[in-house]
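Breakdown of the fold
Next come the chains, spelled out residue by residue.
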Amino acid sequence: MRISDFIARTITQRRVLIWCSVVALAAACLAILVMRMRLDSDVLNMLPARFSSVAGLKIYDRDFEQTRELTFALLCDPADVDKLEEFAPAFTEKLRQQPWCARVLAGSPMETPDGIRDLQSIAVPLLLNLDPQAFDETMSILQPQKIRDRLHRLRQQIEAGSPRPEFELSFDPLGLIAPALKPFAEGNAIEEEQPLTSPDRTMRVLLAVTSQPAVSAFECQRLMRQVNLFRSQAREDWNGGALEILVTGRAAYVAEISLSMRYDIVATLLGSILLVSVIFFIGFRRWIPLFGMGFSLLLSCLVALALGLLLFGRLSMVAVGFCAILVGLGVDFAILIFGRYQQARGDGESHREAIATSVAKLGRAVFFGALTTAVGFLALVLSGSMGFSQLGALIAIGIFFAGLFMCTILFLFARERQTPLSHDWVFEFVKRYVRWSVQRPAPILIFSSAILLLLSALGFSPVPPLHFEASTRSLEPKNSRAGYAVQAIMHKMPARWDPVLTIVHARNAQELHDSWQKIAAHWRELQGAGEIKSFSTPAALCLSPNSMQRNRERLSTINFPEVRQILEETLDAEGFSREAFAAAFTLIEDLQRIVDLRAPLPAWRNQLPKSSSWWFLIDRYFAQNPLLTTGFVTTNQPIATHAQVQSLGRDLPVAGVPMILSGWSYALADLLPWSRRQLLIISALMAIFDVSLLAILYRDLRLWIIQVITLAFAIGAMVASMKLLHIDLNLLNVLAFRLVLAIGVDYGIYVVLVWQKTHELEHDIAGVVKPVLLAGLTAVCGFGSLGLARNPSLSGLGIACAIGIFWSLVATIFFTLPAIAAVEPKSWRDDRQT
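Residues numbered from 1 in each chain as written. Predicted model: local features only at pLDDT ≥ 70, side-chain atom pairs only at ≥ 80, totals over all residues. Heavy atoms only, no water.

With that settled, consider the sheet that holds strand 4 (residues 203–210). With antiparallel pairing, four strands are arranged side by side in an open sheet as 3-4-2-5. Unpaired on one side and paired on the other, strand 3 (101–105) and strand 5 (243–249) mark the two borders of the sheet. Averaged over all adjacent pairs, the angle separating strand axes in this sheet is 25 degrees, with direction ignored. Summarising the sheet, strand 2 (residues 69–76) and strand 5 pair through seven bridges and their orientation is antiparallel. What sits directly across from Thr 71, in strand 5, is Thr 248. Its contacts with the sheet put helix 4 (residues 81–96) on strand 2, strand 3, strand 4 and strand 5, and the angle it makes with strand 2 is roughly 155 degrees. This element, helix 12 (residues 217–235), spans strand 2, strand 4 and strand 5 of the sheet and lies at about 160 degrees to strand 5. (Pairing = 2+ DSSP bridges. Helix = DSSP H or I, 4+ residues; strand = E, 2+ residues; numbered from the N terminus. Axes fitted to C-alpha atoms, helices over the stretch in contact; angles between N-to-C directions. Contact = heavy atoms within 4.5 Å.)

With four of five residues buried, strand 3 is to be regarded as a mostly interior element. Where strand 3 meets strand 4, four bridges bridge the pair, whose relative direction is antiparallel. Bridging across to strand 4, Val 104 finds its partner in Ala 208. (Buried < 20%, exposed > 50% of the residue type's maximum accessible area, 1.4 Å probe, protein only.)

Taken together, the side chains of Leu 274, Val 278, Ile 282 and Trp 425 define a hydrophobic patch exposed on the protein surface, amounting to about 400 Å² of accessible area. Tracing the sequence through the fold places Trp 425 in helix 18 (residues 425–439). (Patch = residues over 30% accessible without salt bridge, like charges linked within 9 Å, V, L, I, M, F, W, Y side chains within 5 Å. Areas by Shrake-Rupley, 256 points an atom, 1.4 Å probe, with all protein chains shown as cover. Salt bridge = Lys/Arg side-chain N within 4 Å of Asp/Glu carboxyl O.)

Time to look at the nonpolar core. In this structure, Met 293, Phe 322, Leu 329, Phe 377, Val 434, Met 718 and Phe 783 are the most contacted members of the largest nonpolar core, which totals 141 residues. When sequence neighbours within four positions are dropped, the list of residues in contact with Phe 377 reads Ile 325, Leu 329, Gly 392, Ile 395, Ala 396, Leu 739, Ile 743 and Phe 783. (Core = buried A, V, L, I, M, F, W, Y, C linked by side-chain atoms within 4.5 Å.)

To continue, consider the packing of aromatic side chains. Here the structure, examined in full by the defined rule, presents 27 aromatic pairs. A ring pair is formed by Phe 367 and Phe 368, whose centres lie 5.2 Å apart and whose planes are at 75 degrees; its orientation type is edge-to-face. Exposure remark for Phe 367: the relative accessible area of 52% places this residue in the exposed category. With relative accessibility at 17%, the residue Phe 368 sits in the buried group. Following the ring pairs from residue to residue traces out a cluster consisting of Phe 72, Phe 87, Phe 91, Trp 100, Phe 230 and Trp 238. Of note, Arg 155 hangs over the ring of Phe 576, and the distance from its end group to the ring centre comes to 4.3 Å. (Phe/Tyr/Trp six-rings, centres within 6.5 Å; stacked < 30°, edge-to-face > 60°. Lys NZ or Arg CZ within 6 Å of the ring centre and 35° of its normal.)

Extensive coverage of strand 8 (residues 500–505) is indicated by the burial of five of its six residues. Sheet topology note: the strand 8/strand 10 (residues 628–634) ladder contains six bridges and is antiparallel. Counted as the bridge partner of Val 504 is Thr 629 from strand 10.

Given below as structure tokens:
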């Protein structure tokens, strides 16, 4: 028994069994969704993980405290800068009082008494970390005569009216702290070049660390609801003109992306279903089969989603768009199968016979169409992007089940008794065109060839170029408020372009110290040579156990009781108050205490208060694991080309120090060759697969050449359209080309396979061109509905695919069909006349 006959008999005689199986399958899928549904809003998972620059971004995003940091920006009109100066401190104080805020940085910690006191608390470990020569020079300050000379000089300067001695006495009475902090200041020059106030004073930037317990999507949404409520309340205290309270950071992005994912799922799926349903109804004017098609597609989506969750655990924000794509592609099979079924019923066949006929006639074409489409999407696995790998796998699974369900479950919604359509105007229009293109192929072939050739010449020509965008804008949601905040800050403070991250993970503290000392020395040479603009490192805070132990032993040669006595005598002689020098006496006691070898070496992490503003700086350098650190390099110009990445890759590393270079701009520029390779090499592999499959199917050189030319025309017209519409390529929508090759070839397969076997052109060719036309339009609608998505990667991929599939459909109908008729003519038979 043929498979088509078996399917027809099962559908008509075992309907209850099939419905029970469908309900069981749907229930199992829904159970998996309820128990396993998890969405991944991490934008980094859209990038290929095999690149070290991407891996570095993931490390920085996952392990460093900046994941809980929010950046606030207060932006006012130029006429309100004085009011902003008054408003900013009050806003800062209210921000500190918020329950979700752990600490705030509104200015340099050196400008506050607390910041100065905090630095004094970590002076001892930084002092012990100096190299031996610098340590000896610093400790020589404690010689009796030098103490007398220093305090006498400061007294004279105070009497002369200089304000500097007052600060020096309050911050560093003995003169030991400044030398200890000198490496710290030298290694953080980059912070001085990135102020918190714009040059025109219209913007003030504040940094806040939140107390959110986790960085999951739901926690970020909850936090941003509180933040937005605070912003609206704080704006009520402003009495000037327009004021924008902008906020950005990981939590802001994650909240926006996760919410946009929910919108993208609903908007794209509903948009795709609506457009596809309209086209299906126009073509067949049947409601119940329309519901059957929708049910079959929904079941295909459920099965693919359930299997995807079992395979991947969680689905990325790009993969959620598979439903809209699957609806647009899966309906092709419904249109082809049901169109042939309806045609068979019109020929007088029974319900069971029509099912068998439609599956027998088009089952092979559906199989190979599903195969090419599935392979095209599975090729996304080669992209290395987790998000697009998931998208490809889900659609490949869904396409397989869509083809299966359209050949089986769809017929459950077909009535055994149905009235034929009184007038099928779509079929009549298609039949007239097919008759014309078959009987007189030359005019339409010449006209279509000229148009497609002109577009292809424009598409493949280097002028005008197809621009390639490599920026974070292609990865963040449309109209992103967090993205707008970043752009506004970058506009007001141009010096704040994205630095290069250098991640170093050492095995122990001494190795970490030695590595950063080498890196700092090398980068200092590059800065002196003008190769880089500035840099900052954690070198001063990476303590050397060896240096600290050696310097600790040297402290034993200092008579600290004598130092204390000399200090007291000199203070009395110069007329200073001993209470004002309490910090100096505390420092002497701390140094005397660690002379005892049994006492533990001081650790600055334990001595720096948790509320200190200096943690904003420290958390930039140190991960939760203190041996995992990062430094920053500011280049002379923002990174935009791969040549800059290669140059930095040669210049920044230090021999013998393992490091990872990363950063958003650096990573995106590093991915440019990968993205172009996706466009060229993997698309070429997909084309080779297509032409090989066509050769096996057709076994006719002329038909094979026509189909290859059709594919070339479709891609050329697609590129030309993107140029004319100013649609830029980005790191991810280049994947559209392979998908267009996989999907567009199906239309030619449907037409050519029927042409090779038919002897009744009106009955068969016109009967397949109508479903191909409707299928192409539904595929365009399915991908085009992704344009509603807020995620620009998903939206850009959908628009590019919609353009490519449209031109594939045009090339198939207006070039492939008349070309076949010209090289392999057949007589036209009109059944109405016979």
